[in-house]
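Now for the letters of each chain:
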Amino acid sequence: MILPMYIFGQPVLRKVAEDIDFETYPNLKELIDNMFETLRRSEGVGLAAPQIGLPIRLFIIDLDAISEDEPQYKGYFHTFINPEILEESKETTSMSEGCLSIPGINESVKRPAKVLVNYLDENGQEQERWLEGFEARVFQHEYDHLDGKLFVDHLSPFRKQLIKSKLLAMSKGKFSAHYKCKPNH
Ligand code: NI
């Protein structure tokens, strides 16, 4: 089932999300399946639960979507439940980011190049590993969503000023997206 995307201006995108209990959270597998279907349809690489209106600490990443250009990501479909960032590299990289909740805006964002993370996978198994490259980038973007942060928060005051009116319009429902969105008003 395709779930409607919550767009900039929706309060849930600014909430600090809560951990979930893997064993007892209702219909978790179905929720994750629906999130993957929604992500695939919207042609994104990552989707966090707050973006579909749920303030819980869960996100998914689909790098299979870019495997035509990046063959090492063939078959990459990962679920991250109650994730944590344990360590960050001092080395940083800048990369252009966009967000399904902020359609039509792409900006360069500087983040740590590598992160040591832990999380529960889709089977409830605890994982701990260093991420790097594009995987580290997407993980950090999605992780921000769980803390109510958006990639535009990382921009310089100057870049923020440049997109301010676009964001304001978006929060009032003036935007276009090629996927199903929850109306802002
Ligand atoms: Ni996003």
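Scroll up to find the structure this text is about.
As the structure is a computational prediction, the values presented were derived from the model and not from experiment.

As a further point, take the overall build of the protein chain. In terms of helices and strands, the protein chain carries three helices and seven strands. For the protein chain, the sequential pattern of α-helices and β-strands runs α-β-β-β-β-β-β-β-α-α. In terms of overall size, the protein chain behaves like a compact globule, its C-alpha atoms giving a radius of gyration of 16 Å where 185 residues would be expected to give roughly 16 Å. Viewed in the frame of its principal axes, the protein chain has a C-alpha envelope of about 45 × 40 × 35 Å. For the protein chain, the share of sequence-separated contacts (at least 6 apart) that also reach a separation of at least 24 residues comes to 66%. Summed over all atoms, the accessible surface of the protein chain reaches about 9,700 Å², with 50% contributed by carbon and sulfur.

Mapped onto the secondary structure, E142 falls in helix 2 (residues 133–146). Despite its burial, E142 pairs with no opposite charge, the nearest such side chain being R111 at 8.4 Å. Residues in contact with E142, not counting those within four places in the same chain, are G46, L47, A48, Q51, F59, I60 and I61.

With that settled, consider the environment of L13. Along the chain, L13 falls in the segment before helix 1 (28–42). Using a relative accessible area of 2% as the deciding quantity, one classes L13 as buried. Once the C-alpha coordinates of L13 and L155 are considered, the two residues, 142 residues apart in sequence, prove to be 18 Å apart. Among all residues touching L13, those that are not within four sequence positions of it are Y6, I7, F8, P50, Q51, S101, G148 and K149.

Around a metal, the ideal angle is 109.5 degrees if four donors adopt a tetrahedral arrangement and 90 or 180 degrees if six donors adopt an octahedral arrangement. Every protein donor of the nickel ion is accounted for by C99 (SG), H141 (NE2) and H145 (NE2), and the metal-donor separations fall at 2.1 to 2.2 Å. Of note, the nickel ion draws all its donor residues from one chain, in the sequence arrangement C-x41-H-x3-H. In this pair, C99 sits in the loop between strand 4 (92–97) and strand 5 (107–112) while H141 sits in helix 2, placing the two residues 42 residues apart along the sequence.

Looking at where I52 falls in the secondary structure, it is placed in the loop between strand 1 (46–48) and strand 2 (58–62). Given the relative accessible area of 10%, I52 is considered buried. In this structure the C-alpha to C-alpha distance between I52 and I2, which are 50 residues apart in sequence, comes to 10.0 Å. Setting aside anything within four residues of it in sequence, one finds I52 in contact with L3, P4, Y6, L31, M35 and L47.

What counts and how
- Residues numbered from 1 in each chain as written.
- Predicted model: local features only at pLDDT ≥ 70, side-chain atom pairs only at ≥ 80, totals over all residues.
- Heavy atoms only, no water.
- Helix = DSSP H or I, 4+ residues; strand = E, 2+ residues; numbered from the N terminus.
- Rg over C-alpha atoms; globule rule 2.2 N^0.38 Å.
- Contact = heavy atoms within 4.5 Å.
- Areas by Shrake-Rupley, 256 points an atom, 1.4 Å probe, with all protein chains shown as cover.
- Buried < 20%, exposed > 50% of the residue type's maximum accessible area, 1.4 Å probe, protein only.
- Lys, Arg positive; Asp, Glu negative; His and termini not counted.
- Salt bridge = Lys/Arg side-chain N within 4 Å of Asp/Glu carboxyl O.
- Donors = N, O, S within 2.8 Å, 3.2 Å for Na, K, Ca; no water.

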